[in-house]
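# Observations on the model geometry
Now for the letters of each chain:
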Amino acid sequence: MPDTLLGRTREIAERFLAGVDARPVFPSTSFAELVHALGGPLPEEPQDPLAVIEHLANAADPGLVASPGPRYFGFVTGGSVPASVAAEWLTAAWDQNAGLYVLSPAAAAVEHVAAGWLLDLLGLPPTASVGFVTGATMANTTALAAARHEVLRRVGWDVEADGLQGAPRVNVIAGRDAHASIRNAARFIGLGAANIVYVDADDQGRMIPVALEAVLAQTSGPTIVCAQSGNVNTGGFDPMEAIEPLVHAHGAWLHVDGAFGLWAAASRSLAHHVRGVARADSWTVDGHKWLNVPYDSGFVIVAHPAAHRASMSQTAEYLLRGAEEEREGQDWTPEASRRARGNAVYAALKSLGRRGIEAMIDRCCASAHAMADRLRAEPGIEILNEVVLNQVLVRFRDASGANITPAVITRIQQDRVCWAGGTGWHGEPAMRIAVSGWKTGEADALRSADAMIAAYRAPDRGRPDLQVGRETR
């Protein structure tokens, strides 16, 4: 039975992957229809596993989004390169816990190697620590926990032992257009989203150094500054060469949210955007964004491993630690038990290689430029950003000048040739295109741009419930 079950599952998966490029990008079935097909009472008796898998595949298929395909642009969401999918299947079959070395020496070794490759590829300090977490939200949270530990340690406070009650106040400073996950991270570690001090940004969402300098001049005590590489709407980069000296002259911790933008370091034509980034204290990177590995996969990287370990590591009599040189996964993440996420990362990095990753990133950026050029040529369509990376920010206006972007997004999503989502930019609705998938090339980019233009030219027909989305981390 296991051979039959796994063999049939492989057939179903391969059939989906073989057809994903041609299927409509977004499903037309309703949530109620999916629940009806999948639901019913919990069975009283055991069911045949093969029958369960067949039913799951058939019932879920009408609700699957073709996000692994070449025309999904709604979020900064890549597909999964083949080697990473295969590694993920092995990960499930091996069923290893990556929390401790003693639970899986193989998982520890894979993570150690993959971590070293990541640091090399991104141009970050080889001595930095790397945690394999669920995504950028948890990476930001973990990095800020390490930052909280260190800035309080410097003033004589042990936050892990004594908590925040009675502790010196920790200042958190971020750019005006920082990602929402920075607010979540501040909430999660007890610093409070409402306490973040925001620094003015320019028209591309980039932090203005002179504005940061003014805020720092009025700030005293333990301080964390959150910068970003890759604004989620424009792709813009905070000018790190100017920001970093200001932050460190003030004695503050510099964190960089580089969920997708930090991958620019892997491209020789784009690396100039991240000059100065390597001198920060911590970084967030997403694997299921531009490395194109399966969910969930994020990386928290910290230049000060002692602070990272102090903020995360667990101790108990039953948690048997290996030798000093052996990697303990639970030292670098909030979880003691977790899937061996490093396998898919290892497989993606090794199968693509440095030049393959560079080519994938460059191809996505070239496709974004091609879409922007095609859309810009249509009267009434505005491109709002400089298109420095893989993001294209678009606004649609009618003949009177009214913003009709939400209605156009609805039509694009209903046509299902491609998928792009709504956002807000400078007080008005806009549409965001994020080109992040390894399969996307110029032909799919131009086909999608033409579908968007056709939707813009079409008469209004709307389902506004589909058009707005939030970036996922």
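Attention in this report is confined to the structure presented alongside it. Fair warning: this is a prediction, and the values are worked out from it, not measured in the lab.

## Brief notes about the sheet that holds strand S11 (residues 428-434)
In a beta sheet, neighbouring strands pair by backbone hydrogen bonds and run either parallel or antiparallel. The four strands are arranged S8-S9-S11-S10 in an open sheet whose pairing can be described as antiparallel. The sheet is open, and its two edges are formed by strand S8 (381-383) and strand S10 (421-425), each paired on a single side. On average, each strand axis in the sheet is tilted by 40° relative to the strand beside it, whichever way the strands run. The pairing of S10 with S11 spans five bridges and is classified as antiparallel. Across the sheet, residue glycine 424 finds its bridge partner in S11, namely proline 429.

## With respect to the pairing of strand S6 (residues 282-286)
Where burial is concerned, most of S6 is hidden: five out of the five residues are buried. Of the two faces of S6, the one carrying Ser282, Thr284 and Asp286 and the one carrying Trp283 and Val285 are both buried. Bridge count between strand S5 (residues 253-257) and S6: three bridges; the pairing is parallel. Considered in S6, the bridge of histidine 255 is made with serine 282. Sheet topology places S6 next to strand S7 (residues 298-302); five bridges connect them, and they run antiparallel. Looking at the pairing, valine 285 lines up with phenylalanine 299 of S7.

## Topic: the packing of helix H5 (residues 105-122) against helix H13 (residues 342-376)
Two elements in contact, H5 and H13, have axes whose closest approach is 9 Å; the angle formed by their N-to-C orientations is 30°. Seen from above, H5 lies across H13 with left-handed handedness. Between H5 and H13, the contacting residues are Val110, Glu111, Val113, Ala114, Trp117, Leu118, Asp120 and Leu121 on the first element and Gly342, Asn343, Val345, Tyr346, Leu349, Lys350, Arg354 and Ile357 on the second. Across the contact of H5 with H13, the residue classes tally to ten nonpolar, two polar and four charged.

## Observations regarding the sheet that holds strand S2 (residues 171-175)
Strand order in the open sheet made by the seven strands is S1-S7-S6-S5-S4-S2-S3, with mixed pairing throughout. Single-partner strands in this sheet number two, and they are strand S1 (129-133) and strand S3 (197-199). Adjacent strand axes in the sheet meet at a mean angle of 20° when their direction is disregarded. Here helix H6 (residues 136-153) sits on the sheet and contacts S1, strand S4 (223-228), S5, S6 and S7; the angle it forms with S5, its principal contact strand, is near 175°. With respect to the sheet, helix H12 (residues 305-312) is in contact with S1, S5 and S7, its orientation differing from that of S1 by roughly 40°.

## Details of the environment of isoleucine 182
Checked against the element boundaries, isoleucine 182 lands in helix H8 (residues 180-188). Judged by relative accessible area, which is 3%, isoleucine 182 ranks as buried. Distance in space between the C-alpha atoms of isoleucine 182 and isoleucine 196 is 9.2 Å, their sequence separation being 14 residues. Each residue touching isoleucine 182, except ones within four places of it in the same chain, is listed here: Asn140, Ala174, Ile196, Cys226, His255 and Asp257.

## Examining the pairing of S2
Within S2, five of the five residues are buried, leaving the element largely enclosed by the surrounding structure. On S2, burial covers both faces: Asn171, Ile173 and Gly175 on one face and Val172 and Ala174 on the other are all buried. Here four bridges tie S2 to S4, and the two strands are oriented parallel to one another. Residue pairing in the sheet places alanine 174 in a bridge with cysteine 226 of S4.

## So, the nonpolar core
Among the nonpolar cores identified, the biggest contains 81 residues, and Trp263, Phe299, Ile301, Ile433 and Met452 are the most heavily contacted of them. The dominant element in this core, judged by the number of residues it contributes, is H13, at 13 residues. When sequence neighbours within four positions are dropped, the list of residues in contact with methionine 452 reads Phe73, Met371, Leu375, Val408, Ile412, Cys418, Ala420, Met431 and Ile433. Counting 27 residues, the second largest nonpolar core, distinct from the first, contains Ala145, Val151, Ala178 and Ile182.

## A look at the packing of aromatic side chains
Tallying each qualifying case throughout the model produces six aromatic pairs. Relative to tryptophan 419, the ring of phenylalanine 75 has its centre 6.0 Å away and its plane inclined at 20°; by these criteria the two rings are stacked. Remark: tryptophan 419 occurs in the loop between helix H14 (405-415) and S10 and phenylalanine 75 occurs in the loop between helix H3 (49-60) and helix H4 (82-94); sequence separation between them is 344 residues. Tryptophan 419 carries the same exposure label as phenylalanine 75, and that label is buried. Here the aromatic cluster, defined as three or more aromatic residues joined through ring pairs, consists of Phe26, Tyr72, Phe75 and Trp419.

## Here's the deal with the pattern of salt bridges
Here the structure, examined in full by the defined rule, presents 29 salt bridges. Of the charged contacts in the structure, one is a salt bridge between glutamate 358 and arginine 268, with a shortest N-O distance of 2.8 Å. Of this pair, glutamate 358 sits in helix H13 while arginine 268 sits in the loop between S5 and S6, and the two are 90 residues apart along the sequence.

## Looking at the packing of H13 against helix H15 (residues 442-457)
Two elements in contact, H13 and H15, have axes separated by 9 Å at closest approach and are oriented at 30°. With respect to H15, the element H13 is oriented roughly parallel. The crossing of H13 and H15 is right-handed. On the side of H13, the interface is formed by Ser367, Ala370, Met371, Arg374 and Leu375, while H15 contributes Glu442, Ala445, Leu446, Ser448, Ala449, Asp450, Met452 and Ile453. When the residues that make up the contact of H13 with H15 are grouped by side-chain class, the tally is eight nonpolar, two polar and three charged.

## Observations concerning unusual backbone geometry
Tyrosine 295 connects to aspartate 296 through a cis peptide bond whose omega is -10°. Looking at the secondary structure, you find aspartate 296 in the loop between helix H11 (287-290) and S7. A positive phi angle, near 55°, is found at aspartate 95, a position not held by glycine. Examined against the element boundaries, aspartate 95 turns out to sit in the loop between H4 and H5.

What counts, and at which threshold
Residues numbered from 1 in each chain as written. Predicted model: local features only at pLDDT ≥ 70, side-chain atom pairs only at ≥ 80, totals over all residues. Heavy atoms only, no water. Pairing = 2+ DSSP bridges. Helix = DSSP H or I, 4+ residues; strand = E, 2+ residues; numbered from the N terminus. Axes fitted to C-alpha atoms, helices over the stretch in contact; angles between N-to-C directions. Buried < 20%, exposed > 50% of the residue type's maximum accessible area, 1.4 Å probe, protein only. Left-handed = near helix turned anticlockwise from the far one by under 90°. Contact = heavy atoms within 4.5 Å. Nonpolar A, V, L, I, M, F, W, Y, C, P; charged D, E, K, R; others polar. Core = buried A, V, L, I, M, F, W, Y, C linked by side-chain atoms within 4.5 Å. Phe/Tyr/Trp six-rings, centres within 6.5 Å; stacked < 30°, edge-to-face > 60°. Salt bridge = Lys/Arg side-chain N within 4 Å of Asp/Glu carboxyl O. Parallel < 35°, antiparallel > 145°, perpendicular 65-115°, else oblique.

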